[in-house]
Amino acid sequence: MDLLQTYADKSDGEDQSHQPSTSSPDSSPPRLIPSKSAAPKVDDTMLALTVAKAHQSHSKPIDPSQHVVAFNPTYDQLWAPIYGPAHPYAKDGIAQGMRNHKLGFVEDAAIDSFVFDEQYNTFHKYGYAADPSGNNYIGDLDALQKNDAISVYNIPQHEQKKRKIGKMKDVEMENEVVGGEHEVDPTEIDNPASDVWLMKNKKSPWAGKKVGVQTELTEEQKKYAEEYAKKKEEKGHSVEKGEHLVDKTTFHGKEERDYQGRSWIAPPKDAKATNDHCYIPKRLIHTWSGHTKGVSAIRFFPKYGHLILSAGMDTKVKIWDVFNSGKCMRTYMGHSKAVRDISFCNDGTKFLTAGYDKNIKYWDTETGQVISTFSTGKIPYVVKLNPDEDKQHILLAGMSDKKIVQWDINTGQTTQEYDQHLGAVNTITFVDNNRRFVTSSDDKSLRVWEFGIPVVIKYISEPHMHSMPAISLHPNTYWLAAQSLDNQILIYSTRERFQLNKKKRFAGHIVAGYACQVNFSPDGRFVMSGDGEGKCWFWDWKSCKVFRTLKCHEGVCIGCEWHPLEQSKVATCGWDGLIKYWD
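Small disclaimer: the values here were computed from a predicted structure and weren't measured. (Residues numbered from 1 in each chain as written. Predicted model: local features only at pLDDT ≥ 70, side-chain atom pairs only at ≥ 80, totals over all residues. Heavy atoms only, no water.)

Student: Would you explain the overall build of the protein in this entry?
Tutor: The helix and strand inventory of the protein stands at 10 helices and 31 strands. A buried classification covers 36% of the 583 residues belonging to the protein. Sequence-distant contacts, at least 24 apart, represent 45% of the contacts inside the protein between residues at least 6 apart. In the structure as shown, the protein presents an accessible area of about 36900 Å², 53% of it carried by carbon and sulfur atoms. (Helix = DSSP H or I, 4+ residues; strand = E, 2+ residues; numbered from the N terminus. Buried < 20%, exposed > 50% of the residue type's maximum accessible area, 1.4 Å probe, protein only. Contact = heavy atoms within 4.5 Å. Areas by Shrake-Rupley, 256 points an atom, 1.4 Å probe, with all protein chains shown as cover.)

Written out as structure tokens, the structure is:
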């Protein structure tokens, strides 16, 4: 009822509602005014989090990097793993990621490197060292007391006394000698070999030794000096001049001159080409077997081909009769190691040989005498004479030390060096009427030179190129055939640009790793090459197709040469020591 009465009173007038109601025992209690506080409002969120964190800290592991722990941790907290479960092989339970030492986590300490080295060396010498965490020592305490706790960098008192006494003695002796009672010869003061000069100029423990030369050697010293001088002489001799061997030759024919007085190397009068058309050989007609090891190169006698020269790995060079008896005519012995390359002069009366004994020899074909020997101390890989008739005295040799060396045979002097290659030089081929020559090297490049000028005028090198250890010139002199070690023969133009002819490519044979010789038929219609399986391959020049293959040798067929006059005859040589003649 009281509430209804109060509501009715409120509805009588709005002005009465704003008036404060008078207190009566029957009315409701008056509304209280809220109290206000002048204190700032406190955010208790952090307090709640701190309480929660303190609650969690009883189960959370301790961070090893923190230096202060605000509560008393339990044993489990101290040894709990930091990340994940404890490692089964870690006794302390510390995870591998939190380790910087095999024993756990080690804090860095601020110790000077000099102090550390001093204590480290002191411990290894005396057996004790200072403890970095305090003023006490660790290690052998008996040695510590015995040595008065000195370190390796502190000199003991008795050692200092010894040094002082030694210095005083030196000073007394010097005063005695220089300014004492004895009269000193002024020449001795200026003579470095005298004791007076030594004492006056003494600056180090080694200054007391006399400068004078030892007059006599002991027997042991003499013996050692002789052996050393002998070795040095032998080494210098081999480096400068190559290995020396007495030159010998043996003639195997019936007589060196016939009844008309003609030499055995004279070409037969009826030797001439029957026609200009060449044919591929089919059958074996002769075999020469005189070398005891492999044959590395063969060369027909220039223009006539009635003799064939062969270089063997048995250090011998032999020349064989082709037209008549088919026997060995002469053996040339002058190299102490395998012969690498051979080359005739234009008329065939002389030839060059290059051996692994670092020598180049210039021979007389008829008599077998060595006219001259050349060497730079490096292995010659290829030798060539300038093909011009007026320059037959100029010798070019590609060496293993990346150089092409040019000699004058008449004087024996080196006249030019071409040294732009980055690897051993393998071939030298004259082009452009012998005004230029092309060289190939182990650096997988071709370089073109002007004869006599050691500047490269054309440099051919592509990423896809391989080394080209054998190059031959086409009979029309417009093309070069290069044996590439990726089992193909590439053709380059000898004109101004020396471009690769991409339309001509001869493949099918296996020559990777072997310097198999490539050659042409005299009419230029066929390309021929040996391979690593003992075969001789013939390709047609126009179509680039394989024309025929012959199984020639057991092992590698390293060389092949077309007879200059007999159009269908070919000679091959191999590492089986045989030279075969095909028709």
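Student: Is there a simple way to explain unusual backbone geometry in this structure?
Tutor: Backbone phi values are negative for most residues with the exception of glycine, while trans is the configuration of most peptide bonds. Positioned with a positive phi, Asp148 is a non-glycine residue whose angle comes to about 55 degrees. Mapped onto the elements of the fold, Asp148 is located in the loop between helix H6 (141-146) and helix H7 (157-179). Phi at Phe498 takes a positive value of approximately 50 degrees, unusual for a residue other than glycine. Inspection of the secondary structure puts Phe498 in the loop between strand S23 (488-493) and strand S24 (500-507). Take Phe498: its relative accessible area is 4%, and that puts it in the buried class.

Student: Help me understand the sheet that holds strand S17 (residues 425-431), please; the structure alone is not making it clear to me.
Tutor: Hydrogen bonds between backbone groups are what pair the strands of a sheet, and the pairing can be parallel or antiparallel. One open sheet accounts for four strands, arranged S17-S18-S19-S20; its pairing is antiparallel. Every other strand in the sheet has two partners, leaving S17 and strand S20 (456-460) as the edge strands with one partner each. Neighbour-to-neighbour, the strand axes of the sheet open up by a mean angle of 20 degrees, direction not taken into account. Sheet topology places S17 next to strand S18 (residues 436-441); six bridges connect them, and they run antiparallel. Its bridge partner being in S18, Thr427 is matched across the sheet by Ser440. (Pairing = 2+ DSSP bridges. Axes fitted to C-alpha atoms, helices over the stretch in contact; angles between N-to-C directions.)

Student: Before we go on, may I ask you to explain the packing of aromatic side chains in this structure?
Tutor: Centre-to-centre distance and the angle between the planes together describe a pair of aromatic rings. Scanning all chains against the criterion turns up 28 aromatic pairs. Relative to Tyr581, the ring of Trp288 has its centre 5.7 Å away and its plane inclined at 40 degrees; by these criteria the two rings are tilted. With Trp288 in strand S4 (residues 284-288) and Tyr581 in strand S31 (residues 579-582), this pair connects stretches of sequence that are 293 residues apart. A relative accessible area of 3% means that Trp288 is categorised as buried. (Phe/Tyr/Trp six-rings, centres within 6.5 Å; stacked < 30°, edge-to-face > 60°.)

Student: Can you help me understand the UniProt feature "repeat: WD" (unreviewed entry) in the protein in this one?
Tutor: Per the UniProt record, the feature "repeat: WD" (unreviewed entry) sits at residues 288-322, 332-373, 418-450 and 550-583. For residues 550-583, the helix share is 0%, the strand share is 50%, and the end-to-end C-alpha distance is 11 Å. (UniProt positions renumbered as here; feature names shortened; annotations may be inferred.)

Student: Which parts of the structure should I look at to understand the side chain of Ser296?
Tutor: Structurally, Ser296 is set in strand S5 (residues 295-300). At 2.7 Å, the side chain of Ser296 and the backbone oxygen of Val339 are in polar contact. Among all residues touching Ser296, those that are not within four sequence positions of it are Ala311, Gly312, Met313, Val339, Arg340 and Ile558. (Polar contact = N/O pair within 3.5 Å; in protein donor to acceptor, adjacent residues only side chain to side chain.)

Student: Honestly, the environment of Lys358 in this entry has me stumped. Any pointers?
Tutor: Counting through the fold element by element, Lys358 comes out in the loop between strand S10 (350-355) and strand S11 (360-364). Counting along the chain gives 18 residues from Lys358 to Thr376, while the straight-line C-alpha distance between them is 7.4 Å.

Student: What is the right way to read the pattern of salt bridges from this model?
Tutor: Side-chain pairs of opposite charge can arise whenever the charged atoms involved come near each other. Evaluation of the coordinates by the stated rule reveals 12 salt bridges. For the salt bridge of Lys391 with Asp388, the shortest nitrogen-to-oxygen distance reads 3.7 Å. Where Asp432 meets Arg435, a salt bridge forms, and the shortest distance between an N and an O atom there is 3.0 Å. A relative accessible area of 47% places Arg435 in the partly exposed class. In this structure, a network of salt bridges that share partners links the residues Asp432, Arg435, Arg436 and Glu450. (Salt bridge = Lys/Arg side-chain N within 4 Å of Asp/Glu carboxyl O.)

Student: Could you clarify how one ought to interpret the side chain of Asn426 in this entry?
Tutor: For Asn426, the location among the structural elements is in strand S17. Looking at Asn426, its side chain comes within polar contact range of the side chain of Asp442, at 2.8 Å. Those residues within four positions of Asn426 in sequence are excluded, and the remaining contacts are Arg340, Tyr381, Val382, Ser440, Ser441, Asp442, Ser467, Met468 and Pro469.

Student: What is the right way to look at the pairing of S10 in this model?
Tutor: In regular strands, side chains alternate between the two faces of the sheet. In terms of burial, S10 is a largely internal element, five of the six residues being buried. Pairing of strand S9 (residues 339-344) with S10, which is carried by five bridges, proceeds in the antiparallel orientation. Within S10, the position partnered with Asp341 by the bridge is Ala354. The antiparallel pairing of S9 with S10 creates a hairpin that spans five residues between the two strands, and Gly348 there sits at a positive phi of about 80 degrees. Of the strand pairs in this sheet, S10 and S11 are connected by five bridges, and their pairing is antiparallel. Of the residues in S11, the one forming a bridge with Ala354 is Ile360. Hairpin connection, S10 to S11: the antiparallel pair is bridged by four residues, and Lys358 has positive phi, about 75 degrees.

Student: Explanation requested: the sheet that holds strand S12 (residues 370-374) in the structure shown.
Tutor: The sheet built from four strands is open, its strands ordered S9-S10-S11-S12 with antiparallel pairing. Either end of the sheet is taken by a strand with one partner, and the two such strands are S9 and S12. Recorded for the sheet is a direction-independent mean angle of 20 degrees between the axes of neighbouring strands.

Student: Looking at this model, I keep getting lost on the pairing of S17. Mind explaining?
Tutor: Across the seven residues that make up S17, a large majority, seven, are buried. As consecutive antiparallel partners, S17 and S18 are separated by four residues, and within that stretch Asp432 has a phi angle of approximately 55 degrees, a positive value.

Student: Hey, could you run me through the environment of Asp583 in this one?
Tutor: Checked against the element boundaries, Asp583 lands in the segment after S31. Counting along the chain gives 299 residues from Asp583 to Leu284, while the straight-line C-alpha distance between them is 6.4 Å. Residues in contact with Asp583, not counting those within four places in the same chain, are Pro281, Lys282, Arg283, Ile285, Ser568 and Lys569.

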